[in-house]
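If you want the building blocks of each chain, they are given just below.
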Amino acid sequence: MEAAIVIRGVSKVFAGRNGLRVAALEQIDLTIGAGEFLCVVGPSGCGKTTLLRILAGLEQQSAGRVEIRSGEPGKPLTSMVFQETSIFPWLTVKDNVAYGLRMRRVPPAVQEPIVEHYLRLTGLDKFRDAYPHQLSGGMKQRVSVARAFANDPSILLLDEPFGSLDEQTRLLMQEELLRIWEAHRKTAVFVTHSIDEAIFLGDRVLVMTARPGRVKAILEVDLPRPRDLVNLRSQPAFLDLSRTIWHYLREEVRAEEHAGRKL
Amino acid sequence: MGKRWREAFAARTVSVLSPALLLAGWELLARAGLVDVRVFSSPSRILGTLIPALLSGELLYHTWVSVCRIVLGFAAGALPGVVLGLSMGLFPFVRAALQPMVAVTFPIPKLAIMPLILLVFGLGETSKVFTIAVGVFYLVLINTMAGVLNIDRIYLDVARSFGASRRDFYLTVALPGALPMIFAGFKLGMGTALLLIVAAELSAARAGVGYWIWRAYDMFDIERMFSALLMMSALGFVFSYALDVLERWVIPWKPPSSSAG
């Protein structure tokens with residue numbers, strides 16, 4: 001598989017308060033293939049989000065090299081779906097979805113069909129003129145997902161996009177995300193704290209260590225697509241993988257717990 | 001439902017009755033000679049002056065002169081207030097450069113610099129418009145900056161990650177995000193403008209509601225003075241209503257619950 005993202009020896013140190021320096025990431029080496037769906041799990045505060053923000057260009061790594069290979073010239077490299085509600089309250093659903101295209105000065109006539117396509121794909125077409133305050137939490141994250149897809153980036157970055165949703169809505173959103181992703185097969189990096197979610201969605205699962213975040217293990221998810229998320233849970237392969245990931249993760253979560261401190 | 005309706009009805013009745021009672025009491029005390037009508041007049045006397053003054057167009061002319069000064073001064077203060085406020089909110093460097101000057105000059109009462117303004121701009125229209133502009137400017141500037149600083153960081157991240165240009169930061173994040181606070185600044189500024197117009201028209205004015213009030217004072221014509229006060233009250237009401245309407249039109253995304261009242 002052709003590589004879409006190559007990460008070599010990436011570290012990130014934050015200058016904290018009182019001159020304390022906090023290492024968030026340490027010596028990350030990772031290659032992500034074009035069209036691959038990679039899920040990242042790790043204990044809270046392990047630098048998962050920092051890794052995504054570096055890929056998104058929102059943070060600069062302290063050391064190491066990140067190379068993102070763009071598929072086509074003219075396309076944006078990355079688009080991010082943020083963890084918290086990040087759609088603009090002052091824009092309608094339609095204008096939120098069109099935001100990336102508008103920033104790239106795509107002519108309105110070209111924007112229109114793209115935006116309509118993703119509104120329909122995410123079931124938002126009836127709400128195109130609504131403002132975010134009129135939408136439920138799930139609907140808001142749909143807008144956020146549609147906004148990232150509509151921008152047509154080489155790489156999609158998703159930072160626990162469904163973390164704040166209730167269990168049922170989350171399952172629905174995972175199914176929808178897979179459906180949209182399977183229609184477009186973009187390279188995706190998905191950060192989550194849920195082992196189930198990581199296996200549901202990913203081609204591979206990256207397990208990170210407690211802070212400073214390092215690569216603990218990378219596991220292949222050998223489950224056929226398209227996946228039926230409801231039946232997946234009872235398959236032996238799913239259960240095995242889930243157990244393995246938890247085995248790796250457990251020591252790290254415990255280490256984080258015993259460290260017993262927050263930033 | 002019946003109980004709530006009755007409570008609402010009672011509240012509304014009280015809101016109408018209490019000022020009516022006050023006016024009636026005032027009138028009665030004036031007629032009984034318990035209140036000095038030379039200073040406090042009485043509702044009927046004031047009405048007797050107000051209505052002819054309105055019908056002759058005299059009071060409306062002076063009101064119009066004041067309204068023009070207020071609107072011009074408001075615009076001249078609010079516009080740079082918004083632009084500078086957005087810049088100071090968005091760019092720490094601009095904030096660092098301008099904050100000290102704002103902090104030092106803001107607390108100076110605007111009335112205290114009126115003599116200086118008169119020296120610089122003379123006795124004409126400019127000095128009155130400028131006085132109002134200065135008062136409005138600070139309130140709008142400070143509220144706009146606070147509005148931008150209060151915008152959730154996430155929206156700046158979103159704009160950055162989607163490749164927003166500097167202009168896009170102003171127009172798609174800072175301005176809409178700060179609009180509710182900008183309007184709060186407008187409303188405070190309007191209150192200040194009404195305060196300043198009266199003072200500004202004290203010196204070297206030939207027309208205006210403020211001029212009218214000071215003239216009435218000179219001539220000890222209490223009824224004319226009260227007529228102008230009623231006009232000021234009406235002006236304040238109209239301006240704040242206009243700002244409310246404008247706000248609803250400019251900020252359609254604001255949930256209705258928070259804009260009520």
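Just so you know, these numbers come straight off a predicted model, no measurement behind them.

Peer 1: Provide a residue-level description of the overall build of chain B, including the pertinent values.
Peer 2: Check the secondary structure of chain B and you find 12 helices and zero strands. Ordering the α and β elements of chain B from the N terminus gives α-α-α-α-α-α-α-α-α-α-α-α. Rg of the C-alpha trace for chain B: 23 Å, well past the compact-globule value of 18 Å for 261 residues, more than 25% over. Along the longest, intermediate and shortest principal axes, the C-alpha atoms of chain B span 75 × 65 × 30 Å. Taking the intrachain contacts of chain B between residues at least 6 apart in sequence as the baseline, contacts between residues at least 24 apart amount to 74%.

Peer 1: Just give me the short version of the overall build of chain A, but keep the residues and values in it.
Peer 2: Assigned secondary structure in chain A consists of nine helices and nine strands. Relative to the 2.2 N^0.38 estimate, which gives 18 Å for 263 residues, the radius of gyration of chain A is 18 Å and therefore close to what a compact globule would have. Its C-alpha atoms give chain A principal-axis dimensions of about 55 × 45 × 40 Å. Taken across its 263 residues, chain A has 54% of its residues classed as buried.

Peer 1: Talk me through empty space enclosed by the protein; I want residue IDs and the actual numbers.
Peer 2: Unoccupied space between atoms shows up once a probe the size of one water molecule is rolled over them. Residue and element names in this part refer to chain A. A full pass over the atoms with the stated rule returns one cavity of 30 Å³ or more. When its volume is computed, the largest cavity comes out at roughly 30 Å³. Lining the largest cavity are Thr122, Arg142, Val145, Phe162, Met173, Glu176, Leu177 and Ile180. Elements represented by at least two residues in the lining of the largest cavity include exactly helix H5 (137-150) and helix H6 (167-184). With four residues, the top contributor of residues to the lining of the largest cavity is H6. When the residues that make up the lining of the largest cavity are grouped by side-chain class, the tally is five nonpolar, one polar and two charged.

Peer 1: Outline helix H9 (residues 166-200) of chain B, supporting the account with residue identities and numerical values.
Peer 2: For H9 of chain B, with 35 residues, the first-to-last C-alpha span of 40 Å runs short of the 51 Å given by 1.5 Å per residue. Of all the bends found along H9 of chain B, the most pronounced is centred on Leu179 of chain B and spans about 55 degrees, while Pro180 of chain B, a proline, follows it within four residues.

Peer 1: Quick one: what's the story with the sheet that holds strand E1 (residues 3-15) of chain A, residue by residue and with numbers?
Peer 2: Residue and element names in this part refer to chain A. An order of E2-E1-E4 is seen for the three strands of this open sheet, with the pairing classed as antiparallel. One side of each edge strand has no neighbouring strand; the edge strands of this open sheet are strand E2 (21-33) and strand E4 (63-68). Strand after strand, the sheet turns through a mean of 20 degrees between neighbouring axes, direction not considered. Sheet analysis places E1 next to E2, joined by nine bridges and oriented antiparallel. Bridge pairing in E2 places Val6 opposite Thr31. Packed on one face of the sheet, helix H1 (residues 48-55) meets E1, E2 and E4 and runs near 120 degrees to E1.

Peer 1: Give me the lowdown on the pattern of salt bridges, citing residues and values where you can.
Peer 2: All chains considered together, the criterion is met by 30 salt bridges over all chains. The residue Glu59 of chain A makes a salt bridge to Arg53 of chain A at a minimum N-O spacing of 3.1 Å. Take Arg53 of chain A: its relative accessible area is 16%, and that puts it in the buried class. Through salt bridges with shared partners, one network takes in Arg53 and Glu59 of chain A together with Asp157 and Arg160 of chain B.

Peer 1: Lay out the packing of aromatic side chains in plain terms, naming residues and giving numbers.
Peer 2: Residue and element names in this part refer to chain B. Applying the stated rule across the entire model yields 20 aromatic pairs over all chains. When the ring of Trp214 is compared with that of Tyr217, the centres are 6.1 Å apart and the planes differ by 85 degrees; the resulting orientation is edge-to-face. Highlighted residues: Trp214 and Tyr217, both in helix H10 (residues 209-218), separated by three residues, approximately one helical turn. Assessed through its relative accessible area of 31%, Trp214 is described here as partly exposed. By relative accessible area, which is 51% here, Tyr217 ends up exposed. Over the ring of Tyr138 we find Lys110; its NZ or CZ atom is 4.9 Å from the centre of that ring.

Peer 1: Tell me about the pairing of strand E9 (residues 215-220) of chain A, residues and numbers included.
Peer 2: Residue and element names in this part refer to chain A. Pairing analysis gives five bridges linking strand E8 (residues 204-208) to E9, with the strands arranged antiparallel. Note on E9: the bridge partner recorded for Val205 is Leu219. The antiparallel pairing of E8 with E9 creates a hairpin that spans six residues between the two strands.

Peer 1: Give me the domain arrangement of chain A: which residues, what numbers.
Peer 2: Residues and elements named next belong to chain A. Taken as a whole, chain A is organised into domain 1 (3-77 + 153-259) and domain 2 (89-143). Put simply, the middle of domain 1 and the middle of domain 2, counted by C-alpha atoms, are 26 Å apart. Each side of the interface is counted separately: domain 1 has 11 residues, and domain 2 has nine residues. Taken as a group, Met173, Ile180 and His184 account for 41% of the area that domain 1 buries against domain 2, more than any other trio of residues on that side. Inspection of the region where domain 1 meets domain 2 yields one salt bridge.

Peer 1: Go over the sheet that holds E8 of chain A with me, naming the residues and quoting the values.
Peer 2: All names here are of chain A. The strand order across the open sheet built from six strands is E5-E6-E7-E3-E8-E9, with neighbouring strands paired in mixed fashion. The open sheet has two edge strands, strand E5 (78-81) and E9, and neither has a second partner. Between one strand axis and the next, the sheet turns through 15 degrees on average, direction left out of account. The sheet contact formed by E5 and strand E6 (residues 155-159) spans four bridges and is parallel. Bridged to Ser79 within E6 is Leu156.

Peer 1: For the nonpolar core, give the residues involved together with the corresponding values.
Peer 2: Core analysis: the largest hydrophobic core is formed by 81 residues, its most contacted members being Ile5, Tyr99 and Val189 of chain A together with Val173 and Phe186 of chain B. The element contributing the most residues to this core is H9 of chain B, with 14 residues. Once residues lying within four places of it in the same chain are set aside, the contact partners of Val189 of chain A are Ile5, Ile32, Leu38, Val40, Leu52, Leu55, Leu156, Leu157 and Leu158 of chain A. Formed by 52 residues, the second largest nonpolar core is a distinct cluster that contains Phe149, Leu158, Met173 and Ala217 of chain A.

Scoring rules and cut-offs
- Residues numbered from 1 in each chain as written.
- Chains lettered and ligands numbered in written order.
- Predicted model: local features only at pLDDT ≥ 70, side-chain atom pairs only at ≥ 80, totals over all residues.
- Heavy atoms only, no water.
- Helix = DSSP H or I, 4+ residues; strand = E, 2+ residues; numbered from the N terminus.
- Rg over C-alpha atoms; globule rule 2.2 N^0.38 Å.
- Contact = heavy atoms within 4.5 Å.
- Buried < 20%, exposed > 50% of the residue type's maximum accessible area, 1.4 Å probe, protein only.
- 1 Å grid on protein atoms, 1.4 Å probe; cavity = no way out; pocket = protein on both sides within 12 Å on 5 of 7 lines; lining within 4 Å.
- Points joined across faces, edges and corners; volume = space filled by probe spheres on them.
- Nonpolar A, V, L, I, M, F, W, Y, C, P; charged D, E, K, R; others polar.
- Expected span 1.5 Å × (residues − 1).
- Bend = angle between axes of the 7 residues up to and from the residue.
- Pairing = 2+ DSSP bridges.
- Axes fitted to C-alpha atoms, helices over the stretch in contact; angles between N-to-C directions.
- Salt bridge = Lys/Arg side-chain N within 4 Å of Asp/Glu carboxyl O.
- Phe/Tyr/Trp six-rings, centres within 6.5 Å; stacked < 30°, edge-to-face > 60°.
- Lys NZ or Arg CZ within 6 Å of the ring centre and 35° of its normal.
- Domains from an automatic or database assignment.
- Buried area = accessible area lost by both parts, 1.4 Å probe.
- Core = buried A, V, L, I, M, F, W, Y, C linked by side-chain atoms within 4.5 Å.

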